[in-house]
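Here are the chains, one letter per residue:
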Amino acid sequence: MSGAGGKGTAAGNRFLARAAAGVRELAPYVPGKPLAELEREYGVTDTLKLASNENPLGPSPAAAAAARAAAADLALYPDGGAFDLKSAIAAHHGVDPAMVTVGNGSNELLVLLAEAFLEPGTAAAYAQYAFAVYALAVQATGADAIVVPARPPGSRQPFGHDAAALAAAVTPATRLVFVANPNNPTGTYLNGDELRTLLEAIPRDVIVVVDEAYAEYVTVPDYPDTFPWLAAFPNLVIARTFSKIHGLAALRAGYAISHPDVADLLNRVRQPFNVNSVAQAAAIAALADAEHVARSRQVNAEGLRQLTEGLQALGWRVPPSVGNFVLADTGGPALPLYEALLRRGIIVRPLGNYGLPNHLRITVGLPEQNARLLAAVRSLQEGTVP
Ligand SMILES: *Cc1c(COP(=O)(O)O)cnc(C)c1O
């Protein structure tokens, strides 16, 4: 094809070779398959998505109502400074509003951190099997990625971050270290001692991003409260999101808490209206609904047990997870299982792009949804349905 919309000829589209080096090599992020796509491609109805770590309870009713109310003012630009949302976040965590940066999902904050601190010749470190967005954000800047081997499969926190190795991997060129706590897709976490030791070992001119997208789900007692550490570590950035326990993934809102000087740098690269007004209003209401968060945590804790024990009983290796998803070793290639589940209307997440071709990541659903997933896996194993 040589038309305007085509791929171009050998002679055409030579600008591709002129794209920024980091971008040229980039493979786009692969999201969980949307329900509508599954229905379109497989002709199935009664579908179930357990692929993107969304809250099966949905958002707080107060957040949904706030979103509807904000939709009355769609002609107006949002508050670019997100004054009310930043104030609510600051009050919620007991920090100064100058320490808060809001983002179009916490994903955007990860990208802004990379933009603000990385360029060719610098480096960022993160663990093998860490959240895939770190690699994308780093690569797009042309900086080098230092990928630190994960903990071995049979160990405590299998496939999780090796905190000591991460600290040791920091070079003079390193500007950023990404730590997912808990990590997605492994469901592992660093405890307070491990994370604190990591922070102490890293030079104060290297930014350490602790991505706490699932923090509100964690119930283990040795999971660290990192907010009190901000005073001692001006290089610490805590990233949070409204997409996971708050159930607002569609609206795209997240935030970073950091030293005000880091927030100031992020604000220089941030688009002026990066968080829309519907998202701002809903996020404020979500933060205020502690009861919905507590209920979501409770439902998840029970579902996590149901899913973990249910899959283990079916012979899959499922290490303990502290998030709202499990990493399941299916004992063989997982892609055929993923596709067989799609035919039954269930979307889970294959992890070939993470280098885990035998694993599936499965989001915790409501009790009946978890039961449906378990029944589908059982029927696949018994070969009762194709
Ligand atoms: C889901 C997720 C995020 C961010 O999601 P947003 O919707 O962009 O806020 C960040 N980090 C991890 C580890 C995640 O799993």
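Fair warning: this is a prediction, and the values are worked out from it, not measured in the lab.

S.K.: Explain the pattern of salt bridges here, please?
M.R.: Close approach of charged atoms allows side chains with opposite charge to pair. Under the defined criterion, the tally for this structure stands at nine salt bridges. It is possible to trace a salt-bridge network through shared partners that takes in K33, E37 and E41.

S.K.: Any chance you could explain the site of the ligand here in plain terms?
M.R.: Surrounding the ligand, one finds G105, S106, N107, F131, N184, D211, A213, Y214, T241, S243, K244 and R252. Within the contact set of the ligand, an oxygen atom lies 3.1 Å away from a side-chain nitrogen or oxygen of K244. With respect to the ligand, the side chain of R252 contributes an N or O atom lying 2.7 Å from an oxygen atom. Considering the ligand on its own, with 380 Å² of exposed area, one finds that the protein chains cover 93% of that surface. No other element matches helix α5 (residues 105–117), which puts three residues into the shell around the ligand.

S.K.: What is the right way to read the sheet that holds strand β11 (residues 349–351) from this model?
M.R.: Backbone-to-backbone hydrogen bonds join strands into a sheet, with any given pair of strands oriented parallel or antiparallel. Read across the open sheet, the three strands follow the order β9-β12-β11; overall the sheet is antiparallel. Pairing within the sheet leaves two strands with one partner each, and these edge strands are β9 (325–329) and β11. Taking each pair of neighbouring strands and ignoring which way they run, the sheet shows an average axis angle of 30°. Judged from the three bridges that link them, β11 and strand β12 (residues 356–363) form a sheet pairing that is antiparallel. Across the sheet, the residue bridging to R349 is R361, located in β12.

S.K.: Got a minute to help me understand the pairing of strand β6 (residues 207–211) in this structure?
M.R.: As a general feature of sheets, a regular strand has side chains that alternate between the two faces. The element β6 is extensively covered by neighbouring structure, given that five of its five residues are classed as buried. Side chains I207, V209 and D211 project from β6 onto one buried face, and the interleaved V208 and V210 project onto a second face that is buried too. Examined bridge by bridge, strand β5 (residues 174–180) and β6 share five bridges and lie parallel to one another. Looking at the pairing, A180 lines up with D211 of β6. Crossover connection from β5 via helix α8 (residues 192–201) to parallel β6: handedness right-handed. Note: β6 against strand β7 (residues 236–241), four bridges, orientation parallel.

S.K.: In this structure, what is going on with the packing of α5 against helix α9 (residues 260–269)? I would like to understand it.
M.R.: Geometry of a packed helix pair, given as the angle between the helix axes and the separation of the axes. Remark: α5 packs on α9, axes separated minimally by 9 Å, with the N-to-C direction vectors making an angle of 95°. Overall, the two elements α5 and α9 adopt an arrangement that is roughly perpendicular. Of the residues in α9, those touching α5 at L112, L113, E115, A116 and F117 are V262, L265, L266 and V269. Of the residues contributing to the contact of α5 with α9, the split by class is eight nonpolar, no polar and one charged.

S.K.: Can you walk me through the environment of E200 in this structure?
M.R.: Checked against the element boundaries, E200 lands in helix α8. Note on E200: relative accessible area 44%, which makes it partly exposed. Measuring from C-alpha to C-alpha, the distance between E200 and A143 comes to 24 Å, with 57 residues separating the pair along the chain.

Cut-off values and rules
Residues numbered from 1 in each chain as written. Predicted model: local features only at pLDDT ≥ 70, side-chain atom pairs only at ≥ 80, totals over all residues. Heavy atoms only, no water. Salt bridge = Lys/Arg side-chain N within 4 Å of Asp/Glu carboxyl O. Near = heavy atom within 4 Å. Polar contact = N/O pair within 3.5 Å; in protein donor to acceptor, adjacent residues only side chain to side chain. Areas by Shrake-Rupley, 256 points an atom, 1.4 Å probe, with all protein chains shown as cover. Helix = DSSP H or I, 4+ residues; strand = E, 2+ residues; numbered from the N terminus. Pairing = 2+ DSSP bridges. Axes fitted to C-alpha atoms, helices over the stretch in contact; angles between N-to-C directions. Buried < 20%, exposed > 50% of the residue type's maximum accessible area, 1.4 Å probe, protein only. Right-handed = clockwise from strand over helix to strand, strands pointing away. Parallel < 35°, antiparallel > 145°, perpendicular 65-115°, else oblique. Contact = heavy atoms within 4.5 Å. Nonpolar A, V, L, I, M, F, W, Y, C, P; charged D, E, K, R; others polar.

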